[in-house]
Amino acid sequence: MTARQITKRSIKNVFLVLMWPVYALYRALSMVGDIDGTFMSFSQALSLMPGKLGIYMRAAFYRLVCTDTSDEISVGFLTILSHRNTSIAKGVYIGPQCNIGMCSIGENTLIGSGVHILSGSRQHEFQDVQKPIQDQGGAFEKIRIGADCWVGNSAVIMATVADGCIVAAGSVLSKSANKEGDILAGNPSRTIRNRFVDSSQTQQGTVG
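Residues numbered from 1 in each chain as written. Predicted model: local features only at pLDDT ≥ 70, side-chain atom pairs only at ≥ 80, totals over all residues. Heavy atoms only, no water.

As for the confidence of the model for the chain
Step number 1: On average, residues of the chain score 89 in pLDDT, and 87% of them are at 70 or above.
Step number 2: Long-range and interchain partners of residues 202–208, a stretch whose pLDDT sits below 50, account for 0 contacts in this model, where long-range means more than four residues apart. (pLDDT = per-residue confidence, 0-100. Contact = heavy atoms within 4.5 Å.)

If you want it as structure tokens, here you go:
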């Protein structure tokens, strides 16, 4: 490890220790109330912390609370996580003003600002026209966003994204993108090309 990496790791360890009282308070309150509601309240409060201080605090808190989550992440200002059943891998960057539902995010993935990741596309049933939609319930699904993906600003993600994919800014992904390296755009999003296939063809043409 370089001196810079050692210093950064030391700072993160300090914040893990400093956030233990906050974590203990969260655990205590979650035992007497709705655990997801408590988690969201803490996420909302921490989202208001600006600058590097906020980034380190959020990373430490989510490392302590969320399963399989690294503290080597960057979660931006005003970004809120709504479910504790969320996993964020090492090297993930999440921009400001995002709403992150129940999901897992793979290593080194970039999430732009204003992105909404929903807990699936069936959170609200609406088949019974005699009953208000809010009374019909729904199903929450843990969405997977693969490693080394890039999700552009203001995209809406409702389904799984394979490793190495790019989702263009403003796109709405309602069906799973299961092919690695696909570049998707539009509403609803569709594949416009594949990073790996195009790269392979370019290299072959260059060699030839």
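Some thoughts on the sheet that holds strand β8 (residues 116–117)
Step number 1: Spatial ordering of the open sheet is given by β2-β5-β8-β11-β13, a layout of 5 strands whose pairing is parallel. Of all the strands in the sheet, the pair left with one neighbour each is β2 (80–81) and β13 (172–173).
Step number 2: In this sheet, β8 lies alongside strand β5 (residues 99–100) in parallel orientation, the contact comprising 2 bridges. The residue bridging Asn 99 from the neighbouring strand is His 116, located in β8. (Pairing = 2+ DSSP bridges. Helix = DSSP H or I, 4+ residues; strand = E, 2+ residues; numbered from the N terminus.)

A closer look at a nonpolar patch on the surface
Step number 1: A cluster of nonpolar side chains, namely Leu 25, Leu 29, Met 31 and Val 32, defines an oily patch on the protein surface of about 430 Å² accessible area.
Step number 2: Checked against the element boundaries, Met 31 lands in the loop between α2 (20–30) and α3 (35–47).
Step number 3: The class of Met 31 is exposed, set by a relative accessible area of 64%. (Patch = residues over 30% accessible without salt bridge, like charges linked within 9 Å, V, L, I, M, F, W, Y side chains within 5 Å. Areas by Shrake-Rupley, 256 points an atom, 1.4 Å probe, with all protein chains shown as cover. Salt bridge = Lys/Arg side-chain N within 4 Å of Asp/Glu carboxyl O. Buried < 20%, exposed > 50% of the residue type's maximum accessible area, 1.4 Å probe, protein only.)

Concerning the packing of helix α1 (residues 3–18) against helix α4 (residues 51–65)
Step number 1: Two elements in contact, α1 and α4, have axes whose closest approach is 9 Å; the angle formed by their N-to-C orientations is 65°. Considering the angle they form, α1 stands roughly perpendicular to α4. Note on packing geometry: the crossing formed by α1 with α4 is right-handed. Counting all contacts with α1, which are made through Lys 8, Ile 11, Lys 12, Phe 15 and Leu 16, the residues of α4 involved are Leu 53, Tyr 56, Met 57, Ala 59, Ala 60, Arg 63 and Leu 64.
Step number 2: Counted by class, the contact of α1 with α4 contains 9 nonpolar, no polar and 3 charged residues. (Axes fitted to C-alpha atoms, helices over the stretch in contact; angles between N-to-C directions. Parallel < 35°, antiparallel > 145°, perpendicular 65-115°, else oblique. Left-handed = near helix turned anticlockwise from the far one by under 90°. Nonpolar A, V, L, I, M, F, W, Y, C, P; charged D, E, K, R; others polar.)

Details of the sheet that holds strand β4 (residues 93–94)
By definition, the strands of a sheet pair up through backbone hydrogen bonds, in either a parallel or an antiparallel sense.
Step number 1: The mixed open sheet is built from 7 strands, whose spatial order is β1-β4-β7-β10-β12-β14-β15. Whereas interior strands pair on both sides, the edge strands pair on one side only; in this sheet they are β1 (74–75) and β15 (189–194).
Step number 2: Here β4 runs beside strand β7 (residues 110–111); their pairing, made up of 2 bridges, is parallel. Within the sheet, the bridge partner assigned to Tyr 93 lies in β7 and is Leu 110.

A look at the pattern of salt bridges
Step number 1: With the rule as written, the count across this model stands at 6 salt bridges.
Step number 2: Put simply, Glu 72 and Arg 9 hold a salt bridge, and the shortest N to O gap is 3.3 Å. With Glu 72 in the loop between α4 and β1 and Arg 9 in helix α1, the pair connects residues that are 63 residues apart, well separated along the chain.
Step number 3: Given a relative accessible area of 32%, Glu 72 falls into the partly exposed group.
Step number 4: According to the relative accessible area criterion, Arg 9 is partly exposed, its value standing at 22%.

Quick look at α4
One turn of the α-helix equals 3.6 residues, which is why residues spaced by three or four share an orientation.
Step number 1: Its 15 residues place the ends of α4 21 Å apart at the C-alpha level, agreeing with the 21 Å of an ideal helix rising 1.5 Å per residue.
Step number 2: In the core, the buried residues of α4 are packed alongside α1, α2, α3, β1 and β2. (Expected span 1.5 Å × (residues − 1).)

A short note on the packing of aromatic side chains
Step number 1: In the structure shown here, the tally under the stated rule is 10 aromatic pairs.
Step number 2: Both rings, one in Trp 20 and one in Tyr 23, keep their centres 5.1 Å apart while their planes meet at 85°; by these two values the pair is edge-to-face. Separated by 3 residues within a single helix, Trp 20 and Tyr 23 lie in helix α2, roughly one turn from each other.
Step number 3: The exposure class of Tyr 23 is buried, given its relative accessible area of 13%.
Step number 4: Note on Tyr 26 and Phe 42: the rings are 5.7 Å apart at their centroids and 80° apart in plane angle, and the pair reads as edge-to-face. Of this pair, Tyr 26 sits in helix α2 while Phe 42 sits in helix α3, and the two are 16 residues apart along the sequence. Side by side, Tyr 26 and Phe 42 carry an identical accessibility label, which is buried.
Step number 5: An aromatic cluster is built from Trp 20, Tyr 23, Tyr 26, Phe 39, Phe 42, Phe 61 and Tyr 62, whose rings are joined through pairwise contacts. (Phe/Tyr/Trp six-rings, centres within 6.5 Å; stacked < 30°, edge-to-face > 60°.)

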